[in-house]
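Residue-level listing of the chains:
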Amino acid sequence: MALALAERRSGQITIISACPAFRALLGCEAVEGRPLDALAPPHEAGRLQVLIERSLQGRRPGRMDRFLRTDQRPDGSHIWAFPVEWGAGGAEQVILQVLPVGRSHHLTSHSEMLFDHLGQISSGLLYVYDVVERRTRYMHPQLAESLGLSPTGAGLAEVQHRLHPDDQQVLQRHLEEMSGLSDHEVCEAQLRLLGAEGDWRIVQSRARVFSRTPDGAVRRVVGVASDVTAAVVQATALARAKEDVARAELDERRRIGRELHDSTAQHLVAIGLSLAALERRAVFDESHQTILRDIRNAISAAHREIRTFSFMLHPPQAGGRDLVERLRVFADGFGRRASLRISVEVAGQPRGATSAMESTLFRIFQEALMNVHRHTSARSVRVLLNYVGSEVSLLVEDDGGAPPNGRTPAVDDETGVGISSMRGRLIELGGRLDLEPGDDGLRLRARLPLQARPSEIKPARRPRRVAGEERSFAPRRLGLDAERAPPRLA
């Protein structure tokens with residue numbers, strides 16, 4: 001059996017790696033980096049290119065018969081093309097497997113040599129898992145060494161012995177997904193495995209069908225295992241840093257709110273009292289009275305503004321309250337201070353939102369109301385928290401009329417920090433911000449994707465049954481024996 005890896009990049013198909021049997025079949029010692037038409041007769045190269053193009057386009061294996069017929073081999077060979085998922089930089093790759101007529105699909109030392117080479121250029125390290133026998137048939141030497149397993153194959157019990165106890169169900173689901181894959185599907189999982197040096201390694205596995213039994217069930221899968229420990233540790237540290245920044249931001253907002261309420265507001269009260277005392281002790285003519293009224297009005301407006309800002313920065317504690325109640329409590333307090341009628345409505349069943357998502361929506365709600373108060377002449381605001389499909393959205397619509405310049409602001413305008421801050425909060429969680437004209441003012445909509453509930457996750461589709469040459473029998477579901485479970489962590 002001869003194996004090679006071909007790559008299509010910018011319409012050009014070249015051979016990236018090949019085992020000795022493949023090179024011998026083509027009669028070339030150096031095939032790496034060479035196009036197909038330089039390695040085979042024009043007619044055969046054209047047929048092979050069509051096979052690869054169809055396999056890549058359909059994202060499923062394809063086969064061509066009577067490849068490279070000669071006087072010694074009048075029937076030629078079967079050649080298979082298996083599309084793979086680890087091509088980088090826009091490249092698309094396929095594994096080419098050439099079988100003599102009458103030979104079945106199986107792994108040999110030549111294919112293992114090819115996989116060793118492929119493992120060095122892929123985004124991870126390759127392995128082949130036998131679903132029927134419940135053991136690996138091949139594992140890249142570097143992957144096997146890092147996990148303390150044999151590169152020639154390891155049984156399921158050996159893998160389980162190195163698996164973190166809390167990940168047993170994750171492994172079982174991953175194996176069940178493998179047995180139910182269709183040709184174009186890829187299943188993936190993240191597992192914690194005990195490394196050869198006694199440390200826990202986080203391994204991400206991605207696999208697709210490599211061969212089937214005559215009745216169409218999965219027999220073997222080929223996969224890529226990547227050590228993502230460093231990436232996960234960095235992501236965890238980044239998440240903690242974000243939490244620390246958010247906590248520091250909240251503390252600072254509360255401190256500023258308290259200072260405004262306890263200090264600045266009291267100074268304004270003192271100024272008002274001093275002005276009243278001055279009016280009692282001095283005689284002012286009519287022109288002075290106009291100036292005094294302006295001063296009193298300015299002090300009153302500043303006092304209301306301080307109270308509004310103070311409430312926004314340091315609202316009542318929301319311990320034990322859900323997001324809807326927090327929105328309504330804040331809307332009630334802010335509305336009284338800013339002379340706004342704010343209605344809060346909820347559509348759909350609240351679900352799937354994390355605490356980070358709820359905090360983000362609450363902050364956007366606060367910022368949106370402050371923008372309405374500062375930049376519009378609105379009298380009322382309508383707020384809708386909508387749980388629909390796979391997302392939650394927050395709609396804030398005012399009746400402040402069209403913008404002064406007649407142009408609706410865009411989310412990427414560099415006009416201030418309010419909109420950009422809201423947009424940045426949403427992007428961090430995979431959401432987006434939209435601004436559009438409303439019926440009587442401006443409409444702001446923040447969207448965030450919801451986390452799927454277990455009942456909403458669809459199981460892997462069962463494979464389509466085709467000709468017996470492409471498939472072979474494999475159990476539909478795999479169980480993990482209790483006696484094979486690893487010991488609990490100390």
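Figured I'd write up the structure that's included with this text.

Reading the values: rules and limits
- Residues numbered from 1 in each chain as written.
- Predicted model: local features only at pLDDT ≥ 70, side-chain atom pairs only at ≥ 80, totals over all residues.
- Heavy atoms only, no water.
- Helix = DSSP H or I, 4+ residues; strand = E, 2+ residues; numbered from the N terminus.
- Contact = heavy atoms within 4.5 Å.
- Areas by Shrake-Rupley, 256 points an atom, 1.4 Å probe, with all protein chains shown as cover.
- Pairing = 2+ DSSP bridges.
- Axes fitted to C-alpha atoms, helices over the stretch in contact; angles between N-to-C directions.
- 1 Å grid on protein atoms, 1.4 Å probe; cavity = no way out; pocket = protein on both sides within 12 Å on 5 of 7 lines; lining within 4 Å.
- Points joined across faces, edges and corners; volume = space filled by probe spheres on them.

### Considerations on the overall build of the protein
Along the protein, the regular secondary structure elements total eleven helices and 16 strands. Look at the contacts in the protein between residues 6 or more apart in sequence, and 58% of them connect residues 24 or more apart. For the protein, the exposed surface amounts to about 25,800 Å²; the carbon and sulfur share of it is 51%.

### A short note on the sheet that holds strand β16 (residues 442–449)
If you trace the five strands from one edge of the open sheet to the other, you get β12-β13-β14-β16-β15, paired in mixed fashion. Among the strands making up the open sheet, the edge pair consists of β12 (341–347) and β15 (432–437). When strand polarity is set aside, the average angle formed by the axes of neighbouring strands in this sheet is 15°. In terms of strand pairing, β15 meets β16 through six bridges, oriented antiparallel. Within β16, the position partnered with L435 by the bridge is L444. Each of β12, β13 (380–388) and β14 (391–398) touches helix α9 (residues 323–338); the most contacted strand, β12, lies at about 170° to it.

### Section: empty space enclosed by the protein
In the structure shown here, the tally under the stated rule is four cavities of 30 Å³ or more. For the largest cavity, the calculated volume is near 310 Å³. For the lining of the largest cavity, the secondary-structure elements that each account for two or more residues are β7 (125–130), β8 (135–139), α4 (141–147), α5 (156–161), α6 (168–179), β9 (187–194) and β10 (200–212). A total of four residues in the lining of the largest cavity trace back to one element, the largest contributor, which is α6.

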